Amino acid sequence: MLKKIKRYQRLSMLRKRDMSKEISNSNLLETEIMKNQSLINQIDLIMENGKIGSNKELVSAGFLKNNLQLLNTLQSQKNIANNRQNYLLSEKKIIQSKITANNIKKNKAEEKTYEYKKQYIQELENKNI
């Protein structure tokens, strides 16, 4: 009986360790998501400022070509950042589900530990009677 108690206590401890590892991964992922969102916002700001104003009557071809190349490059960078953002968000969902599963498993292990301790105490009391 003591072996079962210790086994479930160790299992509970392992689940707690797994949860803390996943929580730290989640926190790292959250900072990456915030950085990526900041990058997307900066790209949007640069693209908005790079647009040609309607108040100019004459625009040189070289300026227009350079501006279009810049906007094209920025748009491709924004697409990459958006894809990365989607990936990070899906990873966050996966990590959250792992945390939930480990929490459930940890609670079950703690319940089993409690049940076996209760049974062990009853067996000791029955032997003393």
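Up top is the structure these notes are about.
Residues numbered from 1 in each chain as written. Predicted model: local features only at pLDDT ≥ 70, side-chain atom pairs only at ≥ 80, totals over all residues. Heavy atoms only, no water.

**Student:** Where do I start with the overall build of the protein chain in this structure?
**Tutor:** Helix and strand content of the protein chain: two helices and zero strands. Taken over 129 residues, the protein chain has a buried fraction of 21%. Across the protein chain, the fraction of contacts at a sequence separation of at least 24, relative to all contacts at a separation of at least 6, is 91%. Looking at the protein chain as shown, the accessible area adds up to about 10000 Å², and 55% of this sits on carbon and sulfur atoms. (Helix = DSSP H or I, 4+ residues; strand = E, 2+ residues; numbered from the N terminus. Buried < 20%, exposed > 50% of the residue type's maximum accessible area, 1.4 Å probe, protein only. Contact = heavy atoms within 4.5 Å. Areas by Shrake-Rupley, 256 points an atom, 1.4 Å probe, with all protein chains shown as cover.)

**Student:** Explanation requested: the nonpolar core in the structure shown.
**Tutor:** Most often, soluble globular proteins keep nonpolar side chains buried together rather than apart. Listed in full, the five residues of the largest apolar core are Leu29, Ile33, Leu88, Ile95 and Ile99. In terms of residues, this core owes the most to one element, helix α2 (residues 61-128), which gives three residues. Among all residues touching Leu88, those that are not within four sequence positions of it are Leu29, Glu32, Ile33 and Asn36. (Core = buried A, V, L, I, M, F, W, Y, C linked by side-chain atoms within 4.5 Å.)

**Student:** Can you help me understand the pattern of salt bridges in this one?
**Tutor:** Between side chains of opposite charge, a pair can form when the charged atoms approach closely. Scanning the entire structure with this criterion turns up six salt bridges. The partner of Lys16 in a salt bridge is Glu110, and the shortest N-O contact between them spans 3.7 Å. With Lys16 in helix α1 (residues 2-50) and Glu110 in helix α2, this residue pair connects regions lying 94 residues apart in the sequence. Between Lys106 and Glu110 there is a salt bridge, with its nearest N and O atoms 3.7 Å apart. Here the residue Lys106 and the residue Glu110 both occupy positions in helix α2, the gap between them amounting to four residues, near one helical turn. It is possible to trace a salt-bridge network through shared partners that takes in Lys16, Lys106 and Glu110. (Salt bridge = Lys/Arg side-chain N within 4 Å of Asp/Glu carboxyl O.)

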